Amino acid sequence: MSTETAQAAEVKKAAEPLLSKRRKKLISDPLVDDNPITIQVLGICSALAVTTQMQPTMVMAISVIFVMVMANLTISLLRNTIPSRVRIIVQLAVIATLVTLVNEVLKAFAFDMYKELSVFIGLIITNCIVMGRLEAFALGNKPYDSVLDGFGSALGYSWIILAVAFFRELLGSGSVFGVPVYDAVSGLFGEDFSLATNGLMVSPVGAFIILGLIIWVQRTKTGYVEH
Amino acid sequence: MQQSNAYIITFSVIMTVVLGLLLSGTSQVLAPIQKKAVELDTKKQILGAVLEGEKISAMSPEEVLEFYEKRISSKVVDINGKEIEKDSDGNPIVAENVDIGKNFKKSPEERQYPVFIFHAEGDEDSVESIILPVYGSGLWDSIWGYLALQTDVTTIEGVTFGHAAETPGLGARITASNVQARYDGKQIFDDSGELVSVRMQKGEGKDYSDDPHKVDGLSGATITANGVNDMLKNYLSHYKEYLKTKKSGSSSEEVASIN
C-alpha cells in the first residue's frame, strides 16, 4: 500500500493523460498477473456459488463491477475524512448500501433476475475482493485511479467467474446462456446419438475443479509461484 | 492520523443519517414500481400454469394484464371447499390479494384458498382449467407455485413454480420451463379416486412417462425437489374437498348427457 501511495504522489506533478501507461496497468494487472481470484485467491465463495449458469453469473459480474467502482470512488473521495479507527465499519456501510441499492433496482426493473439472484447479490457485501481493494487501494489513492482500480479488479473477477460458468453450464447442463448446445450437437449425428451431462459440474465441486484447472494453466504460463 | 472521539462519533452519525436517507429514499421511490413488478409477476405465474412460457414472455406487461382480465375469474374457498366471500371483519375477499405466504403461517383449517378459473373469453361458465396456488418450503426459503388441472380434475394441464432463495442452477431450476413441463399430463388422483399427488424422484435423467404419478428429479437439488413434493401433496389435500365437488359435478353432468 505504501509504495502505491508514493507512486501516486510522484506522478501527480505533471498532468497525467487520462489513460496513461500506469493507469492502464491499474486495469490490466488484475486481469491476469494480479487476478483477485486466481492469484490472490479471494472471492472464491461467490465464484463457486453463482457459476452454475452463465446468465445469473453475468448479472452477478455486472453488479460486482458497479459495486466495486462506486465503493472505490466513495471511499477514495472520503479518504481524508474517514477516521482510521472506524474505517472498516465505514467501508462495510458503504458497500452494504450500494449492494442494497443494486438489489432494490433489480427488484423494480428486472424482477426475474431479482428472483434468481437475490441471495447472491446480498453476498457481494461479504465478497472479500471489494473490501480488499477499498482497504488496499481506495484509502490511499485519488478517486479516478481508485475507480480504474475497482473496475480492473472487478473485471478480473468477472472474466474468471464467467469462464468457470461457461464450462460448468456447458458440461453440467449441456447449454450456454440457456441455449441447449448438447441437444443441437447430438441432433447433427442422428437420433441415437446423445451427449450425457456431467452432474458433478452442477455441484460446487465442479467449480473447484474448473477453477483449479484455470489456476494451473495460468500459473504454468505466467510462471507465478506462491512464496 | 489519530482523530478525537468526538470526530469519530460525529462522522459515524452523519454517515448513518446520510446512508439511511439514501436507502429509505430509494425504497420509497421504487416501491410503486416494485409493487407493479410483483403484481405482474403473480399474474404471469398464474397464467404460466396454462400458457406456454414463450407465449407469455412475448406479451407486453399491458397485454398480460388485459389477457388476465379477460380469461381468468377467481374465487376463494375454505378447507371444506365452501366458497367464502367475506373475511371475519365482513370485508370482501379478492383472490388475487390473498397472500398465500401469510396464509401458509396459519393452520390449514383457517387458511383462505384462492381458486383461479381459466375460462373462454367472455364466458365464465366454460371452464378450461382450474388453477390452484401451492406454497411450501424449499432448501433455503419459501417456494410456491400454481398448478393447473384439466376439467377432469385429475390431469395436470401445467405447473409453474417460483422460489425466494433456492440455489441458482440447482434448486432454482424449478422455475425452468423444461422442468415444469415434466408435470404436464400427470395425474393427481389414482384410478380408485385416492389423492396420490405427483412426486419428483431422486436423481435425474430417467424416463417416467409410463407412470402418471412420478416425474424426473433434479440432480443436486433433492431437498428442493422434496419441498416441491410436500408442497403439492399438502395443498392438493387442502383443496381436496373443493376438487371433489368439482369432480362429482362434472361426472354427474356426464351421466346426464349420456341419459
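In this text the structure is predicted, and so the values were computed from the model without any measurement. (Residues numbered from 1 in each chain as written. Chains lettered and ligands numbered in written order. Predicted model: local features only at pLDDT ≥ 70, side-chain atom pairs only at ≥ 80, totals over all residues. Heavy atoms only, no water.)

Engineer: Can you walk me through the overall build of chain B in this structure?
Structural biologist: Per the secondary structure count, chain B includes 7 helices and 7 strands. If one aligns the C-alpha atoms of chain B with their principal axes, the spans along those axes are about 95 × 45 × 40 Å. A burial count over chain B gives 44% of its 259 residues as buried. Excluding contacts between residues fewer than 6 apart, the proportion of contacts in chain B whose partners are at least 24 apart in sequence is 53%. For chain B, the computed accessible surface area is about 13500 Å², with 52% contributed by carbon and sulfur atoms. Side-chain charges in chain B split into 26 positive and 39 negative, and the spacing between the mean points of these groups amounts to 5 Å. (Helix = DSSP H or I, 4+ residues; strand = E, 2+ residues; numbered from the N terminus. Buried < 20%, exposed > 50% of the residue type's maximum accessible area, 1.4 Å probe, protein only. Contact = heavy atoms within 4.5 Å. Areas by Shrake-Rupley, 256 points an atom, 1.4 Å probe, with all protein chains shown as cover. Lys, Arg positive; Asp, Glu negative; His and termini not counted. Charge placed at Lys NZ, Arg CZ, Asp CG, Glu CD.)

Engineer: Before we go on, may I ask you to explain the overall build of chain A in this structure?
Structural biologist: Secondary structure assignment for chain A yields 11 helices and 0 strands. For chain A, with 227 residues in total, the buried portion stands at 47%. Contacts spanning at least 24 positions in sequence make up 76% of the contacts within chain A whose residues lie at least 6 apart. With an accessible surface of roughly 11000 Å², chain A has 68% of that area assigned to carbon and sulfur atoms.

Engineer: Quick question: what am I supposed to make of the side chain of Gln 180 of chain B here?
Structural biologist: All names here are of chain B. As for its position among the elements, Gln 180 is in helix α5 (residues 177-180). Overall, the relative accessible area of 10% leaves Gln 180 in the buried class. Leave out the neighbours within four places in its chain, and Gln 180 touches Val 159, Thr 160, Phe 161, Ile 174 and Thr 175.

Engineer: Please explain a negative patch on the surface as it appears in this structure.
Structural biologist: Residue and element names in this part refer to chain B. Residues Glu 52, Glu 54, Glu 157 and Asp 184 make up a contiguous surface patch of negative charge. If you trace the backbone, Glu 157 turns up in strand β5 (residues 156-163). Among the residues examined, Glu 157 registers a relative accessible area of 32% and is labelled partly exposed. (Patch = residues over 30% accessible without salt bridge, like charges linked within 9 Å, V, L, I, M, F, W, Y side chains within 5 Å. Salt bridge = Lys/Arg side-chain N within 4 Å of Asp/Glu carboxyl O.)

Engineer: Could you clarify how one ought to interpret the interface of chain B and chain A in this entry?
Structural biologist: Quite often, the size of an interface is put as the accessible area lost when its parts meet. The interface of chain B with chain A comprises 29 residues on the first partner and 29 residues on the second. Of the roughly 2600 Å² buried at the junction of chain B and chain A (both faces included), carbon and sulfur atoms supply 66%. Viewed at the interface, chain A and chain B are joined by 3 residue pairs in polar contact (both at pLDDT 80 or more). Tallying contributions element by element places helix α1 (residues 5-48) of chain B first for the side of chain B that touches chain A, with 17 residues. (Buried area = accessible area lost by both parts, 1.4 Å probe. Polar contact = N/O pair within 3.5 Å; in protein donor to acceptor, adjacent residues only side chain to side chain.)

Engineer: Would you mind going over the packing of helix α5 (residues 87-109) of chain A against α1 of chain B with me for this structure?
Structural biologist: The relative placement of two packed helices comes down to the angle between their axes together with the axis-to-axis distance. Two elements in contact, α5 of chain A and α1 of chain B, have axes separated by 8 Å at closest approach and are oriented at 10 degrees. Our classification of the angle between α5 of chain A and α1 of chain B gives roughly parallel. Together, Val 90, Ala 93, Val 94, Thr 97, Thr 100, Leu 101, Glu 104, Val 105, Lys 107, Ala 108 and Phe 109 of chain A of α5 of chain A and Phe 11, Met 15, Leu 19, Leu 22, Leu 23, Thr 26, Ser 27, Leu 30, Ile 33, Gln 34 and Ala 37 of chain B of α1 of chain B make up the contact between the two elements. (Axes fitted to C-alpha atoms, helices over the stretch in contact; angles between N-to-C directions. Parallel < 35°, antiparallel > 145°, perpendicular 65-115°, else oblique.)

Engineer: Teacher, can you tell me more about helix α8 (residues 143-173) of chain A here?
Structural biologist: Since one α-helical turn is 3.6 residues long, residues separated by three or four positions face the same way. Spanning 31 residues, α8 of chain A covers 42 Å between terminal C-alpha atoms, matching the ideal 45 Å at 1.5 Å per step. Of the residues flanking the end of α8 of chain A, it is Gly 174 of chain A, one or two places downstream, whose phi is positive at about 70 degrees. (Expected span 1.5 Å × (residues − 1).)

Engineer: Even after reading the chapter, I still don't get the UniProt feature "transmembrane region" (unreviewed entry) in chain B, so can you show me in this structure?
Structural biologist: Under the present numbering, the feature "transmembrane region" (unreviewed entry) in UniProt falls on residues 6-26 of chain B. Note that residues 6-26 of chain B is 100% helix and 0% strand, and that its end C-alpha atoms are spaced 30 Å apart. (UniProt positions renumbered as here; feature names shortened; annotations may be inferred.)

Engineer: I keep staring at the layout of surface pockets and nothing clicks. Help me out?
Structural biologist: Regions of empty space are outlined by a rolling probe, equal in size to a water molecule, passed over the atoms. The calculated volume of the second largest pocket comes to roughly 920 Å³. Forming the boundary of the second largest pocket are 32 residues, of which Val 38, Thr 42, Asp 99, Trp 144 and Tyr 146 of chain B lie nearest the centre. Residue assignment for the lining of the second largest pocket shows that the elements contributing at least two residues are α6 (111-123) of chain A together with α1, α4 (100-104), β2 (113-119), β3 (127-137) and β4 (142-149) of chain B. Per-element accounting of the lining of the second largest pocket gives the leading share, 9 residues, to α1 of chain B. For the lining of the second largest pocket, a count of residues per class yields 15 nonpolar, 8 polar and 9 charged. (1 Å grid on protein atoms, 1.4 Å probe; cavity = no way out; pocket = protein on both sides within 12 Å on 5 of 7 lines; lining within 4 Å. Points joined across faces, edges and corners; volume = space filled by probe spheres on them. Nonpolar A, V, L, I, M, F, W, Y, C, P; charged D, E, K, R; others polar.)

Engineer: Is there a simple way to explain the nonpolar core in this structure?
Structural biologist: Across soluble globular proteins, you tend to see nonpolar side chains buried next to one another. By size, the foremost hydrophobic cluster in this structure holds 51 residues, and its most contacted members are Ile 37, Met 60, Val 67, Ile 75, Val 90 and Ile 124 of chain A. At the level of elements, α3 (44-49), α4 (54-77), α5, α6, α7 (128-136), α8 and α11 (204-222) of chain A together with α1 of chain B are the ones that each hand at least two residues to this core. No other element matches the 10 residues that α4 of chain A contributes to this core. The residues contacting Ile 124 of chain A, other than those within four sequence positions of it, are Met 60, Ser 63, Val 64, Val 67, Val 99 and Val 130 of chain A. Within the second largest apolar cluster, 39 residues are counted, among which are Ile 79, Val 115, Ile 117 and Val 198 of chain B. (Core = buried A, V, L, I, M, F, W, Y, C linked by side-chain atoms within 4.5 Å.)

Engineer: What is the right way to look at the UniProt feature "transmembrane region" (unreviewed entry) in chain A in this model?
Structural biologist: Under the UniProt annotation, "transmembrane region" (unreviewed entry) lies at residues 58-78, 90-111, 117-134 and 195-217 of chain A. Regarding residues 195-217 of chain A, the helix share stands at 78% and the strand share at 0%, and the terminal C-alpha atoms are separated by 26 Å.

Engineer: Before we go on, may I ask you to explain the pairing of β2 of chain B in this structure?
Structural biologist: On a regular strand, one side chain projects to one face of the sheet and the next to the other, so that they alternate. Residue and element names in this part refer to chain B. Here β2 lies mainly inside the structure; 7 of its 7 residues are buried. Sheet topology places strand β1 (residues 72-77) next to β2; 6 bridges connect them, and they run antiparallel. Its bridge partner lying in β2, Ser 74 is registered against Phe 116. Taken together, the 4 bridges between β2 and β3 define a ladder with antiparallel strand orientation. Residue pairing for β3: His 119 is matched across the bridge by Val 127. (Pairing = 2+ DSSP bridges.)

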